[in-house]
Amino acid sequence: MSLVVHKTKADKTADAVIYALLTLFALLALFPLYYVFIVSVTPYIEVMRNGGFLIWPEQFTLDAYKEIFRSPRIPQALKITVFITVVGTLLNMVVTTLLAYPLSKKFVPGRNFILMALVFTMMFSGGIIPLYIMVRSLGLYDTVWAMVIPGMVSTFNLLIVKTYFENLPAEVEEAAKVDGCGDLSTLFRIVLPLSAPIMATIGLFYGVTHWNEYFKGIFYLSDKSLMPMQVVLRSMIQSPNVSTELSLNSLALDTLPPETIKMAVVVVATLPLMIIYPFLQKYFVKGALLGSVKG
């Protein structure tokens, strides 16, 4: 028996208003990104002719992108950012999973104490200075690993994964152990394939954090060749001379003013995440809901 819901005229009007407001808010959120992209591919003369504001340019140019990729700093910064994102996310996922799985089992000795200690770190920390001293004492200062190892496990993400593991049917793991699987074999062959949504969600959390890494870059690095993309972008925006900061040919700035180059760098720093996110969105929504609500 199917239930058909008939909406009244008032319901339809309310839905139309809600959809209109959501569309408006989406456009307001997307317009700054759209404007940055448009300015980066528009000749600056046309931008200024329109008072610095335009919706659709008459001419398109990719000169700004050609120039920034001729710069030695942007490709190097992209390499560093991709490295810390890929390697850092993999290490985060491995350590978080190996810690969350045993903590999801109530029979593990000392489980409650470990959970209390982990939750304690969410509220209190030693501060920036002790963390800086620890990084230097471990020999991580001015190395790319200073961007990866400190903060390898997020307590928030760990608790989400632990809760998700607790919600999995216990009978599946029991059947695997009856068939002779050990704990690690059960984790990698049974639990993880069933946990694709939460793994994709947590991987996205960690990946976005690494890609947007800024604080560790200015705090632990002094070598410019190790600076990630966000730090280079910040230095470029603050610098009065973009050509010097990015090691660009000064002749290029005769036709490409600093504002156009800055917009192009912003697009390069933002675009990869915008491309990847739609492919993970369905896992992101499902994993966030199942991992945060225990049923």
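Scroll up to find the structure.
This is a predicted model, so every value here is computed, not measured. (Residues numbered from 1 in each chain as written. Predicted model: local features only at pLDDT ≥ 70, side-chain atom pairs only at ≥ 80, totals over all residues. Heavy atoms only, no water.)

## Points about the layout of surface pockets
Phase 1: When its volume is computed, the largest pocket comes out at roughly 440 Å³.
Phase 2: The wall of the largest pocket is formed by 15 residues, among which Thr121, Phe124, Ser125, Gly151 and Val153 lie closest to the centre.
Phase 3: At the level of secondary structure, the elements contributing two or more residues to the lining of the largest pocket comprise α5 (111-123) and α6 (128-137).
Phase 4: A total of 3 residues in the lining of the largest pocket trace back to one element, the largest contributor, which is α5.
Phase 5: For the lining of the largest pocket, the residue count by class is 7 nonpolar, 7 polar and 1 charged.
Phase 6: The space that makes up the second largest pocket amounts to roughly 240 Å³.
Phase 7: Counting only elements with at least two residues in the lining of the second largest pocket, the list comes to α7 (155-167) and α8 (170-178).
Phase 8: Split by residue class, the lining of the second largest pocket holds 4 nonpolar, 1 polar and 7 charged. (1 Å grid on protein atoms, 1.4 Å probe; cavity = no way out; pocket = protein on both sides within 12 Å on 5 of 7 lines; lining within 4 Å. Points joined across faces, edges and corners; volume = space filled by probe spheres on them. Helix = DSSP H or I, 4+ residues; strand = E, 2+ residues; numbered from the N terminus. Nonpolar A, V, L, I, M, F, W, Y, C, P; charged D, E, K, R; others polar.)

## Points about the pattern of salt bridges
Phase 1: By the definition in use, this model includes 2 salt bridges.
Phase 2: The salt bridge involving glutamate 166 is made with arginine 111; its shortest N-O contact spans 2.8 Å. Highlighted residues: glutamate 166 in helix α7 and arginine 111 in helix α5, separated in sequence by 55 residues.
Phase 3: A salt bridge links lysine 162 to glutamate 166, with the shortest nitrogen-to-oxygen separation between them at 2.9 Å. In this pair, lysine 162 and glutamate 166 both sit in helix α7, 4 residues apart, roughly one turn of the helix.
Phase 4: Here the salt bridges do not stand alone but share partners, grouping Arg111, Lys162 and Glu166 into one network. (Salt bridge = Lys/Arg side-chain N within 4 Å of Asp/Glu carboxyl O.)

Function-wise, these values are silent; they only describe arrangement.
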